[in-house]
Amino acid sequence: MSASACPVSGSTASSCPASSSSALAPALIKPTKRKPTLPQQTEGEPLLYLPPLLSLLPPNSRPSTPSPRHTPTPSSSSTAFSFSAPTISYTTSSLPSIDPASVALHDALHNFKPVSTNYAREEYAEAFNWPDLVLPEDIEREWYIVAFRSIRAPGSPSKDLYQADRDAHEEAVGAGGLICYWYGVPQDGYNLATCIWQSRKHAVAANSGKKHVEAMKLAAEMYAYYGLERYVLRKVKGETGVTVDNWVSGEVSFGPGDDDVAKL
């Protein structure tokens, strides 16, 4: 994006492989019809972040209200951005499949947001309102997270990077696996973006997406620095909250006996 890029291997929101199994109908989870809360903004001050960009659920899923659509436009400052009123859909593609636990997470992420304006420099697990995410007690599941920290190169144009990021994000949602994409607005050039995936397999395969590869090449020219961080979002059965831990190795856990989820 103009502000930052979806983190998979070095630039923007990336593509994921299409699911090899039929879509799992999340009949056990009923998403609530609610809108994400826009950040509070004093008139004249730049907007520091947007609501999460939640992937549209499969057509056979019960509808969950998507995030408001915004078009980022650069402000007069090279390191601050303002955002216009909703004008266009950020993505139009829907996920080809999603498991019930991920539908519950998708619903909980509607009000996902940073907890301070210094989020780009905070430890990842402390940067967002994870304690506010509430899921059903009977869910046991892990999800794969990639975070992208960056420093924009002085004077780098935003328009081309934003368009490349949007195209890559569209590619990712249509291919499958991407639950949520969130990005902030550069603060003195520093920024943070993050993607939450149904599995590590989806995120790793995203590297080969055509639009992702194009965006990655462009990003290399736009950033003075960028780095990736990988985490596991974990939900334990019997509890309603989630925790964030460093990813060490291997695939995330889909819970006991969830072979169908592993095929997504």
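Rules used in this analysis
- Residues numbered from 1 in each chain as written.
- Predicted model: local features only at pLDDT ≥ 70, side-chain atom pairs only at ≥ 80, totals over all residues.
- Heavy atoms only, no water.
- Helix = DSSP H or I, 4+ residues; strand = E, 2+ residues; numbered from the N terminus.
- Buried < 20%, exposed > 50% of the residue type's maximum accessible area, 1.4 Å probe, protein only.
- Contact = heavy atoms within 4.5 Å.
- Polar contact = N/O pair within 3.5 Å; in protein donor to acceptor, adjacent residues only side chain to side chain.
- Pairing = 2+ DSSP bridges.
- Salt bridge = Lys/Arg side-chain N within 4 Å of Asp/Glu carboxyl O.
- Axes fitted to C-alpha atoms, helices over the stretch in contact; angles between N-to-C directions.
- pLDDT = per-residue confidence, 0-100.
- Phe/Tyr/Trp six-rings, centres within 6.5 Å; stacked < 30°, edge-to-face > 60°.
- Lys NZ or Arg CZ within 6 Å of the ring centre and 35° of its normal.

Notes on the overall build of the protein
And then number 1: Helix and strand content of the protein: six helices and eight strands.
And then number 2: Its helices and strands taken in sequence order, the protein reads β-β-β-α-α-β-α-β-β-α-α-β-β-α from the N to the C terminus.
And then number 3: Per-residue burial for the protein yields a buried fraction of 52% across its 264 residues.
And then number 4: In the protein, 80% of the contacts between residues at least 6 apart in sequence involve partners at least 24 apart.

Thoughts on the side chain of N191
And then number 1: Structurally, N191 can be placed in strand 6 (residues 190–197).
And then number 2: Engagement of the side chain of N191 in a polar contact is seen with the backbone oxygen of G184, the distance being 3.0 Å.

Concerning the pairing of strand 4 (residues 141–152)
And then number 1: Counting buried residues along strand 4, eleven of its twelve residues qualify, which places the element largely inside the surrounding structure.
And then number 2: One ladder, built from twelve bridges, connects strand 4 with strand 7 (residues 223–235); its direction is antiparallel. Residue pairing for strand 7: S150 is matched across the bridge by Y226.
And then number 3: Summarising the sheet, strand 4 and strand 6 pair through eight bridges and their orientation is antiparallel. The residue bridging I151 from the neighbouring strand is Y190, located in strand 6.

Some remarks on the pattern of salt bridges
When the charged atoms of two side chains lie near each other, side chains of opposite charge can form a pair.
And then number 1: Taken as a whole and assessed by the stated rule, the structure comprises four salt bridges.
And then number 2: The closest approach of N and O atoms between R234 and E142, which form a salt bridge, is 2.7 Å. With R234 in strand 7 and E142 in strand 4, this pair connects stretches of sequence that are 92 residues apart.
And then number 3: Residue class for R234 comes out partly exposed when judged on its relative accessible area of 27%.
And then number 4: For E142, a relative accessible area of 14% translates into the label buried.
And then number 5: E229 is the salt-bridge partner of R149, the closest N and O atoms lying 2.6 Å from each other.

Focus: the sheet that holds strand 8 (residues 243–246)
And then number 1: The six strands are arranged 1-5-6-4-7-8 in an open sheet whose pairing can be described as antiparallel. Where the open sheet ends on each side, the last strands, each with one partner, are strand 1 (53–54) and strand 8.
And then number 2: Here strand 5 (residues 178–183) pairs with strand 6 via five bridges, running antiparallel. Bridging across to strand 6, L178 finds its partner in W197.
And then number 3: Packed on one face of the sheet, helix 1 (residues 100–108) meets strand 1, strand 4, strand 5, strand 6 and strand 7 and runs near 45° to strand 4.
And then number 4: Each of strand 4 and strand 7 is contacted by helix 5 (residues 210–222), which is oriented at about 125° to strand 7, the strand it contacts most.

Topic: the pairing of strand 5
And then number 1: Buried residues dominate strand 5, accounting for six of its six residues.
And then number 2: Pairing of strand 1 with strand 5 involves two bridges; the strand directions are antiparallel. Its bridge partner being in strand 5, L53 is matched across the sheet by Y181.
And then number 3: Taking the residues between adjacent antiparallel strands as the criterion, strand 5 and strand 6 are bridged by six residues, where D188 takes a positive phi near 55°.

Overview of the confidence of the model for the protein
And then number 1: Mean pLDDT over the protein stands at 74; residues scoring 70 or higher make up 67%.
And then number 2: Put simply, strand 3 (residues 81–83) is where the protein has its lowest mean pLDDT, 32, and strand 8 is where it has its highest, 98.
And then number 3: Between residues 8–45, whose pLDDT stays under 50, and residues either more than four places distant or in other chains, the model counts 132 contacts.
And then number 4: Note that residues 63–89 has pLDDT below 50 and, in this model, 72 contacts with residues that lie over four places away or in other chains.

A short note on the packing of aromatic side chains
And then number 1: Tallied over the full model, the rule gives 13 aromatic pairs.
And then number 2: For the ring pair F128 and W130, a centre distance of 6.0 Å and an interplane angle of 75° mean the geometry is edge-to-face. Accessibility classification places F128 together with W130 in one group, the buried group.
And then number 3: On the numbers, 5.7 Å between centres and 35° between planes, the contact of F148 with Y226 is tilted. Note that F148 is positioned in strand 4 and Y226 in strand 7, a separation of 78 residues in sequence.
And then number 4: Here Y226 falls in the partly exposed class, since its relative accessible area comes to 32%.
And then number 5: Positioned over the ring face of Y190 is R121, at 4.1 Å from the centre of the ring.

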